[in-house]
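Coordinates in review
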Amino acid sequence: MEKMMKEPGENPRLVMVADDNRYVNDIMVEMLKEAGYEVLPVFDGLSALRLFGEHKPDLTLLDYRMPEMDGIDVLREIKQIDPNAPVIFITGEGSEDVAVQAMKAGADDYISKPISFPDMLQTVNKMLRDHEIKLENLRLKERGDAYKDYLLTLSETMGDALLTTDSYGRIQFMNPVARALWGDDDSQERLVDFIFNGQAGQVFDKIKCDLGEVECFEDERYFTRQDGTRFFGRLSASPLKSETHAGSIVFVVRDLSDVEEMRRRMINAAKLASLGK
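My aim in this report is to walk through the structure given alongside it, one point at a time. (Residues numbered from 1 in each chain as written. Predicted model: local features only at pLDDT ≥ 70, side-chain atom pairs only at ≥ 80, totals over all residues. Heavy atoms only, no water.)

**Thoughts on the sheet that holds strand β3 (residues 59-63)**
The five strands are arranged β2-β1-β3-β4-β5 in an open sheet whose pairing can be described as parallel. At either margin of the open sheet sits one strand with a lone partner, and together these are β2 (38-42) and β5 (109-112). Across the sheet, the mean angle from the axis of one strand to that of its neighbour is 20°, orientation sign disregarded. (Pairing = 2+ DSSP bridges. Helix = DSSP H or I, 4+ residues; strand = E, 2+ residues; numbered from the N terminus. Axes fitted to C-alpha atoms, helices over the stretch in contact; angles between N-to-C directions.)

**Focus: the packing of aromatic side chains**
Within the structure shown, the criterion is met by four aromatic pairs. Plain terms: the ring middles of Tyr64 and Phe89 are 6.2 Å apart, the flat faces sit at 50° to each other, and that makes the pair tilted. Placement of Tyr64 in the loop between β3 and α3 (71-81) and of Phe89 in strand β4 (residues 87-91) is noted, with a sequence separation of 25 residues between them. With a relative accessible area of 18%, Tyr64 lands in the buried category. (Phe/Tyr/Trp six-rings, centres within 6.5 Å; stacked < 30°, edge-to-face > 60°. Buried < 20%, exposed > 50% of the residue type's maximum accessible area, 1.4 Å probe, protein only.)

**Some words on the nonpolar core**
The tendency in soluble globular proteins is for nonpolar side chains to be buried side by side. Among the nonpolar cores identified, the biggest contains 24 residues, and Met16, Val42, Leu62, Leu75, Ile78 and Phe89 are the most heavily contacted of them. Of all the secondary structure elements, the ones that give two or more residues to this core are β1 (14-18), β2, α2 (45-55), α3, β4 and α4 (96-104). For Ile78, the contacting residues outside a window of four places in its chain are Leu49, Phe52, Thr60, Ala85 and Val87. By size, the runner-up hydrophobic cluster in this structure holds 22 residues, among which are Val29, Leu59, Ile115 and Met127. (Core = buried A, V, L, I, M, F, W, Y, C linked by side-chain atoms within 4.5 Å. Contact = heavy atoms within 4.5 Å.)

**With respect to the sheet that holds strand β6 (residues 161-165)**
An order of β7-β6-β10-β9-β8 is seen for the five strands of this open sheet, with the pairing classed as antiparallel. Each edge of the sheet is formed by a strand with only one pairing partner; in this case those strands are β7 (171-174) and β8 (217-224). For this sheet, the mean angle separating the axes of adjacent strands, direction not counted, is 25°. The sheet contact formed by β6 and strand β10 (residues 249-255) spans five bridges and is antiparallel. If you follow Thr164 over to β10, its bridge partner there is Val250.

Right, here's the structure in full:
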């Protein structure tokens with residue numbers, strides 16, 4: 001019998017079985033318990049709805065014909081409480097129209113009577129695995145969206161150019177200063193090489209290599225603007241600290257043109273002074 005794997009120390013998944021046929025209910029409960037689940041047996045629709053609200057089961061097996069409240073109505077109420085709650089609907093033999101109603105009402109899958117209990121268990125296992133993946137994707141998206149909002153707010157207020165790349169050097173994000181310097185190209189295949197005067201392969205590889213040993217790479221060099229003019233600037237690069245963007249790099253470029261011009265003037269003044277002029 002296939003068992004649902006869980007992490008060490010993790011509580012067993014709770015499955016609610018709502019079926020007024022006690023013989024069928026008992027068999028499903030026993031099989032699910034043997035597979036490692038905690039099980040909440042229910043025998044009427046109103047109790048199913050009440051216990052769902054109290055216990056928030058990880059998955060519900062819900063029969064169509066039950067006393068007090070039929071399965072379709074219970075299903076609609078459950079989906080009102082939690083639209084993401086996994087529900088497997090149980091229909092009678094030859095009740096394809098009921099299965100269609102259930103799927104329209106929000107059921108994630110259905111099984112028909114007479115129930116093949118091994119197939120039932122396989123369906124439960126698969127649905128819980130798929131549900132875990134769905135929830136993890138939602139969590140990652142929420143974290144990613146929050147991080148993007150933070151990065152956007154931060155970068156909009158910076159006077160420096162900020163870019164992020166994936167691990168291959170493809171541009172993922174540019175703030176307004178960077179777009180003013182190098183243009184606004186939404187292509188997902190645009191590489192960071194345009195800021196390195198055609199030496200991207202060498203520079204990018206060196207940055208990735210150095211970031212394996214230090215937290216921040218810094219260098220002063222000439223950069224080329226979109227219009228072909230060059231400016232002197234300071235480059236800072238560091239890994240993007242995000243679980244969902246492993247290997248990505250943040251680049252910050254500060255325009256040091258004024259500093260470089262002042263440095264040249266100081267050098268020229270020093271030369272003139274040494275000549276007594």
